[in-house]
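Inside the fold
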Amino acid sequence: MKDRESSQSRSGKPAGSPSRLGRVLEPAKMAAPVVGSARCLCLLGPGVRRTLRALPGLTQVRWSRYDANYKEPQLDKDYYLKPLEELTEEEKFERDLRTTQIFKAPPASKTSSLFEDPVISKFTNMMMKGGNKILARSLMIETLETLKRKQFKKYHEAKAEERETIECNPYTIFHQALQNCQPILGLVSILKGGRFYQVPAPLTDRRRQFLAMKWMIQECREKKPRRMLMPEKLSHELLEAFHNQGPVVKRKHDLHKMAEANRAFAHYRWW
Amino acid sequence: MMLRKVIRLISKSHKYDVLVYTSFCHTVFQFSRSFCQMLHSGCFLHVGTKASQSIAVSLDTQVLGEKCRTISRTQENDPANHREHHLCQHYSIPLEEMKTIFPHGLPPRFGMQVKTFNEACLMVREPALELLHYLRSTNFANPAIRYVIYGEKGTGKTLTLCHAVHFCAKQNWLIMHVPDAHCWVKNCRDLLQSTYNKERYDQPLKASTWLKNFKTSNERFLNQIKIQQKYIWNKRESIEEGRPLGEVVEQGLNRVKNASDAVGIVMKELKRQSSLGSFRLLVAVDSVNALWGRTTLKKEDKSLVAPEELTLVHNVKKMVTSDWHGGAIVVSLSQTGSLFKPRAAYLPQDLLGKLTRKKGKRSCFFLVTQIPGN
């Protein structure tokens, strides 16, 4: 016990630490269920242990090998390409501090490549089944290729005036299509007086993005003809969503209509 | 990396076989060219994620792209004039010619690229140049030399064949192009017993597609060539001597049951008459190893069909032998789409198998020796 205390006192509190509850959640990156068990206390990192000692009866169950001292890696090349003269005092201080800090290893899917797109990576992960990332990635690439070929075909067949309106970049089509599918309001089930009411509530950006991608993938999987391949169907749906038509955008409009219909229950929301 | 030479194999007993090796040729000079080509295609690459770099990168690639386009393209669109200084440059085939010369025969991905970009550009490469040199200097009095193009996957065998076909089409040869012999030995739903020979099997649909494409590419010859024998289709229909070949093709297209026999007649007549000198014949067969391999087709009693028992295969095998003169035979091997062959097999010995010389009037043999690896 004494050794653990001394080791904990040696590792100083990092500057600007959030609340105690935040320290507990930080290593696991999510709201980890916490269980009252003295045995698990020993396996945790020193920073976490100190926090949990303050909250008796609570131990983290899902945890990460990384301590609170490990910082997130900086994968953005722009950060490092900035010449030294342009840095402010704060940024210079931060750079010097980074030389002494320990960093987590970045996941294999994150690169500092020019072609990396977080939205595309997220979509690929959501399309993945059973951990088959190779298949999901190849489907994504084929979808983008099909989009490009379809747009090229339209471009060649169009007259000179219409050619400028045709968007040939598959990435812009993808981003715009997902933007068009994102709902503004969502419905939340709230229990009041023994009954569950569907209450319209604002959604966070992440939830909106997730819903748009989920609906797109669901639509393509369920309504696809048997012999049609996923890239073909996905590219078709993305093009329709890009033009604000199609079943996914219709689903978003339906959700908005439901939220509008239930606006009387808006007062049940307390956040 | 050293420039990989094209390998020629001509030996005493087998004068009529020439093997052409396509490989992924790289010299420093060529690498810079191919790098330029990659950058040129980089004009279409996505640079939208890192906004700070996007403008600078797109301007750079545009300027470089313009330069690269002039380096890697040539204005010489006639394969007859392609020489060493055209190496590694792309020449374009006009789309109207594409429809007549290549109704079938292009690899499917290349066909997709042609449709997307509205242009067909082939790169001039050393194996193709050597092949064209041989074709240009053929002696039509000698028996037809059989050129075999082999190489690993993705090295350009089919496109080299297409380059040769384009050259011969421009020189007004009669082209008999079998796009993919693998298609004829697998995935056939309609196998009919042949009326001409009870032991053989017909493939009406495949034969009629081939006849349609043959007609598109050789329209002008069909009226000039006259058949030299009477053919009886059935009790009511027959074709007299002296009728143009176009009528045989029409009969094959109208009566799908007789299509395979029509193909056989066309091949027989062309072989006989090419020696007369009124036209020159090019027999181009892609994936020729299918003719000597195994099939996945089954007879009604569930026993496997041998390739010799298929009419189409039997007729093409007769064409591919070197016992006629007045033209050339260009043939390529292919593991993609082959049946019961391992993925790494690319040498003629692996794909064609060891063939012994058959004693008899018609013997078909290939030169099979070990080519030293790189």
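Rules behind the numbers
Within any chain, residue numbers begin from 1 and follow the written order of that chain's sequence. Each chain gets a letter, beginning with A, and each ligand a number, beginning with 1, in the order they are written. Residues qualify for local features only when their pLDDT is at least 70, as the model is predicted, and side-chain atom pairs are given and counted only at 80 or more; totals for whole chains, interfaces and linings, by contrast, use all residues. The side-chain numbers reported here are obtained from all heavy atoms of the structure, hydrogens and water having been left aside. Numbered from the N terminus, helices here are DSSP runs of H or I no shorter than four residues, and strands are runs of E no shorter than two. Using a 1.4 Å probe on the protein chains alone, a residue whose accessible area is under 20% of its type maximum counts as buried, one over 50% counts as exposed, and one in between counts as partly exposed. Note on contacts: a residue pair qualifies if any of its non-hydrogen atoms lie within 4.5 Å across the two residues. Computed with a 1.4 Å probe, the accessible areas rest on the Shrake-Rupley method; for each residue, only the protein chains presented here act as cover. In this description, a nonpolar core means a group of buried Ala, Val, Leu, Ile, Met, Phe, Trp, Tyr and Cys residues linked to one another through side-chain atoms lying within 4.5 Å. In this scheme, strands are said to pair when DSSP sees at least two bridges between them. Here Asp and Glu are counted as negative and Lys and Arg as positive; His is not counted, and neither are the chain ends. The working definition used for a salt bridge is a side-chain nitrogen of Lys or Arg within 4 Å of a carboxyl oxygen of Asp or Glu. In protein, a polar contact means a hydrogen-donor-capable atom and an acceptor-capable atom, both N or O and within 3.5 Å, with residues adjacent in sequence counting only if both atoms are side-chain atoms; elsewhere, any N or O pair within 3.5 Å suffices. For a helix, the expected span equals 1.5 Å multiplied by the residue count minus one. Stacked, tilted and edge-to-face are the three classes applied to pairs of Phe, Tyr and Trp rings, where Trp contributes its six-membered ring and a pair requires centres within 6.5 Å; stacked means planes under 30 degrees apart, edge-to-face means over 60, and tilted covers the rest. We count a charge as sitting over a ring when the NZ of a lysine or the CZ of an arginine lies within 6 Å of the ring centre and within 35 degrees of the ring normal. Per-residue confidence from the prediction method is given by pLDDT, with values spanning 0 to 100. All axes are obtained by fitting lines to C-alpha atoms, using only the stretch in contact for helices, and the reported angles, taken between N-to-C directions, cover 0 to 180 degrees. By definition in this entry, angles of less than 35 degrees are roughly parallel, angles greater than 145 are roughly antiparallel, angles of 65 to 115 are roughly perpendicular, and the rest are oblique. Note on residue classes: Ala, Val, Leu, Ile, Met, Phe, Trp, Tyr, Cys and Pro are nonpolar, Asp, Glu, Lys and Arg are charged, and everything else, Gly too, is polar.

Turning to the overall build of chain A, a few remarks are in order. Helix and strand content of chain A: 11 helices and four strands. Counting every position in chain A, which comprises 271 residues, the buried fraction comes to 29%. Within chain A, contacts between residues separated by at least 24 positions form 64% of all contacts whose residues are at least 6 apart in sequence.

Let's shift gears to the overall build of chain B. Helices and strands together make up the secondary structure of chain B, namely 12 helices and 11 strands. A total of 374 residues make up chain B; the buried ones form 49% of that total. Once local pairs closer than 6 in sequence are excluded, the contacts in chain B between residues at least 24 apart make up 71%. When the accessible surface of chain B is totalled, it reaches about 19200 Å², and 54% of it is carbon and sulfur.

Residues and elements named next belong to chain B. Counting residues in each nonpolar core, the largest one holds 59 residues, and the members touching the most others are W210, V248, L270, L281 and V285. Of the residues forming this core, the biggest block, seven residues, is contributed by helix α10 (residues 259–274). For V248, the residues in contact, after removing those within four places along its chain, are I227, W233, I239, A262, I265 and V266. Core analysis: the second largest hydrophobic core is formed by 33 residues, L87, M98, F110 and L129 among them.

On to the pairing of strand β4 (residues 146–150) of chain B. Within a regular strand, side chains alternate between the sheet's two faces. All names here are of chain B. Counting buried residues in β4 gives five out of five residues, a clear majority hidden from the surface. Here β4 runs beside strand β11 (residues 327–332); their pairing, made up of four bridges, is parallel. Bridging from a neighbouring strand, R146 pairs with I329 of β11.

This part takes up the side chain of R200 of chain B. All names here are of chain B. Summarising the element assignment, R200 is placed in the loop between β6 (192–193) and β7 (201–202). Buried within the structure, R200 lacks any salt-bridge partner; D261 is the closest side chain of opposite charge, at an N-O distance of 6.6 Å. Residue contacts for R200: discarding those within four places in its chain leaves L192, Q193, S194, E308, E309, T311 and H314.

Residue and element names in this part refer to chain B. Following the sequence through the fold, R73 ends up in the loop between α2 (51–72) and β2 (90–93). Along the chain, R73 and K318 lie 245 residues apart, while their C-alpha atoms are 40 Å from each other. Once you skip the residues sitting within four places of it in the chain, R73 turns out to touch Q89, H90, E119 and C121. Separated by 3.0 Å, the side chains of R73 and E119 make a polar contact.

Over its 16 residues, α10 of chain B runs 22 Å from end to end, which matches the ideal 22 Å to within 8%, given 1.5 Å per residue. By the criterion of burial, α10 of chain B is predominantly enclosed, with 14 of the 16 residues buried.

In this section: the packing of aromatic side chains. Note on aromatic pairs: each is described by the distance of the centres and the angle between the planes. All chains considered together, the criterion is met by 12 aromatic pairs over all chains. Seen in terms of ring centroids, W270 of chain A and W271 of chain A are 5.2 Å apart; in terms of plane orientation they differ by 85 degrees. Their pairing is edge-to-face. Taken together, the aromatic side chains of Y197, F265 and Y268 of chain A make up a single cluster linked through ring pairs. The aromatic ring of F340 of chain B is capped on one face by R294 of chain B, whose charged end is 3.8 Å from the ring centroid.

Helix α11 (residues 311–320) of chain B sits mainly inside the fold: eight of its 10 residues count as buried. All of the buried residues along α11 of chain B are T311, L312, V313, N315, V316, K317, M319 and V320 of chain B.

For the rest of this paragraph, the subject is the confidence of the model for chain B. Residues and elements named next belong to chain B. Per-residue confidence for chain B averages 80 on the pLDDT scale, and 76% of its residues sit at or above 70. Below a pLDDT of 50 lies the segment residues 1–14, which in the model reaches 39 contacts outside its immediate sequence neighbourhood of four places, other chains included. Of the regions scoring below 50 in pLDDT, residues 25–56 engages in 51 contacts with residues more than four places distant in sequence or in other chains. Our summary of model confidence lists the complex with pTM equal to 0.76 and ipTM equal to 0.72.

Residues and elements named next belong to chain B. The backbone of N118 shows a phi angle near 60 degrees, a positive value even though the residue is not glycine. With respect to the element layout, N118 can be found in the loop between α4 (108–117) and β3 (120–123). A positive phi angle is found at K302, which is not glycine, with a value near 65 degrees. Considering the arrangement of structural elements, one finds K302 in the loop between β10 (281–285) and α11. Judged by its relative accessible area of 67%, K302 falls in the exposed class.

Right, let's talk about the pattern of salt bridges for a bit. Here the structure, examined in full by the defined rule, presents 19 salt bridges over all chains. Note that E72 of chain A and K104 of chain A form a salt bridge whose closest N and O atoms lie 3.1 Å from each other. One end of the pair, E72 of chain A, is in the loop between β2 (59–60) and α4 (77–81); the other, K104 of chain A, is in the loop between α5 (89–98) and α6 (118–127), with 32 residues separating them in the sequence. You can call E72 of chain A partly exposed: its relative accessible area is 46%. Relative accessible area serves as the criterion here: at 10%, K104 of chain A is assigned to the buried category. E260 of chain A is the salt-bridge partner of R263 of chain A, the closest N and O atoms lying 2.4 Å from each other. Here the salt bridges do not stand alone but share partners, grouping E145 and R149 of chain A together with R109 of chain B into one network.

Turning to the pairing of strand β5 (residues 174–178) of chain B, a few remarks are in order. Residue and element names in this part refer to chain B. Within β5, five of the five residues are buried, leaving the element largely enclosed by the surrounding structure. Here β5 shows a buried face lined by L174, M176 and V178 and a second buried face lined by I175 and H177. Pairing geometry for β5 and β10, over five bridges, is parallel. Looking at the pairing, L174 lines up with L281 of β10.

What follows concerns the packing of helix α7 (residues 133–157) of chain A against α4 of chain B. With their axes 8 Å apart at the nearest point, α7 of chain A and α4 of chain B run at an angle of 45 degrees to one another. In this view, α7 of chain A runs oblique relative to α4 of chain B, as classed from their interaxial angle. Mapping the contact onto sequence places E145, R149, F152 and H156 of chain A in α7 of chain A and R109, M112, Q113, T116 and F117 of chain B in α4 of chain B. Of the residues belonging to the contact of α7 of chain A with α4 of chain B, the class tally is three nonpolar, three polar and three charged.

For the rest of this paragraph, the subject is the packing of α7 of chain A against helix α8 (residues 170–181) of chain A. All names here are of chain A. Where α7 contacts α8, the two axes come as close as 9 Å, and the packing angle between them is 105 degrees. In terms of axis orientation, α7 runs roughly perpendicular to α8. Of the residues in α8, those in contact with M140, L144, L147, K148 and Q151 of α7 are P170, Y171, I173 and F174. Per-class residue counts for the contact of α7 with α8 are seven nonpolar, one polar and one charged.

Here we come to the environment of R83 of chain B. All names here are of chain B. Of note, R83 is situated in the loop between α2 and β2. A relative accessible area of 34% places R83 in the partly exposed class. Remark: the alpha-carbon pair of R83 and E309, spanning 226 residues in sequence, is separated by 43 Å. Beyond its immediate chain neighbours, meaning those up to four positions away, R83 contacts L129 and R136.

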